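Each chain, letter by letter, is given below.
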Amino acid sequence: MLIDFFEDKKNNIYIWDALDIWFGLWQDSKYLAEKWYIVDAIDKDPIAMMKAKELNNHDKINFIQKDISVFVFSKKYDLIIAFLSLFNLSKSSAHKLFIDSVNHLNYNGYIIIRLLWLQDERKDEITTWDRKELEKEFLKNDGMKIVYLNESFESKKTALWKTKNRHFVDIIIKKDV
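Residues numbered from 1 in each chain as written. Predicted model: local features only at pLDDT ≥ 70, side-chain atom pairs only at ≥ 80, totals over all residues. Heavy atoms only, no water.

Regarding the overall build of the protein chain
To keep things clear, this is the line we draw: Here a helix means four or more residues in a row that DSSP labels H or I, a strand means two or more in a row labelled E, and each is numbered from the N terminus. Should any heavy atoms of two residues lie within 4.5 Å, those residues are considered in contact. Reported accessibility uses the Shrake-Rupley method at a 1.4 Å probe radius. Residues are deemed covered only where the shown protein chains occlude them.
Along its length, the protein chain carries 5 helices and 7 strands. A separation of at least 24 residues holds for 65% of the contacts in the protein chain among residues at least 6 apart in sequence. With the model as given, the accessible surface of the protein chain reaches about 10200 Å², and the carbon-plus-sulfur share is 50%.

Remarks on helix α3 (residues 46-55)
In an α-helix, one full turn covers 3.6 residues, which means residues spaced three or four apart are oriented alike. What counts is decided by this rule: The classification of residues rests on relative accessible area computed with a 1.4 Å probe and restricted to protein chains. Under 20% of the type maximum is buried, over 50% is exposed, and intermediate values are partly exposed. The arc in question is traced by the directions running from the helix axis to the C-beta atoms. Identification of polar contacts relies on pairs of N or O atoms within 3.5 Å, with a donor-acceptor requirement for protein atoms, meaning one able to donate a hydrogen and the other able to accept it, and with residues adjacent in sequence counted only if both atoms are side-chain atoms.
Buried residues of α3: A48, M49 and A52, and no others. The buried residues of α3 occupy an angular sector of 100° when the element is viewed end-on, so they sit on one face. Summarising the geometry of α3, the exposed residues directed more than 90 degrees from the buried face are I47, M50 and E54. Those residues of α3 hidden inside the fold are in contact with β2 (38-43) and β3 (61-65). Measuring from the side-chain oxygen of the N-cap residue of α3 to the backbone nitrogen of I47 gives 2.9 Å; that N-cap residue is D45.

Right, dumping it as structure tokens:
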């Protein structure tokens, strides 16, 4: 999704500072740093942090070991990304992160999020934000515009023949001047 977004925008996008929330295997941070960005990459897992530093000693990536639910933004960003990393936050923590992200996004900046929720195996339903809740969450802020929103569902059988349901939401938000 990230590469497609930048290929589609070509040279009409100017980003210098990026934030990668719970960077996991660091591929997105590396991609951004190799393009032209200074990236703050946050992850709370010390093993992921050590591995990322070991595999990618890039001078444009600032690795920050911190739990995003207690992270305090210290600057504004042109791009904030969170791919498959927010599903373990409560709605209230995610709401706080959305508000902080909007408040720390430069004008003409983008927030790109890929949300994933798995079916709660104790229930027969997926508890998640729906499309209308996400639209309301971001559009209530002046100057925010959703430029892309896609929702999809997937069901797979596990090794024990149980059905595992997944709900994906991809969203790109722009802060207009």
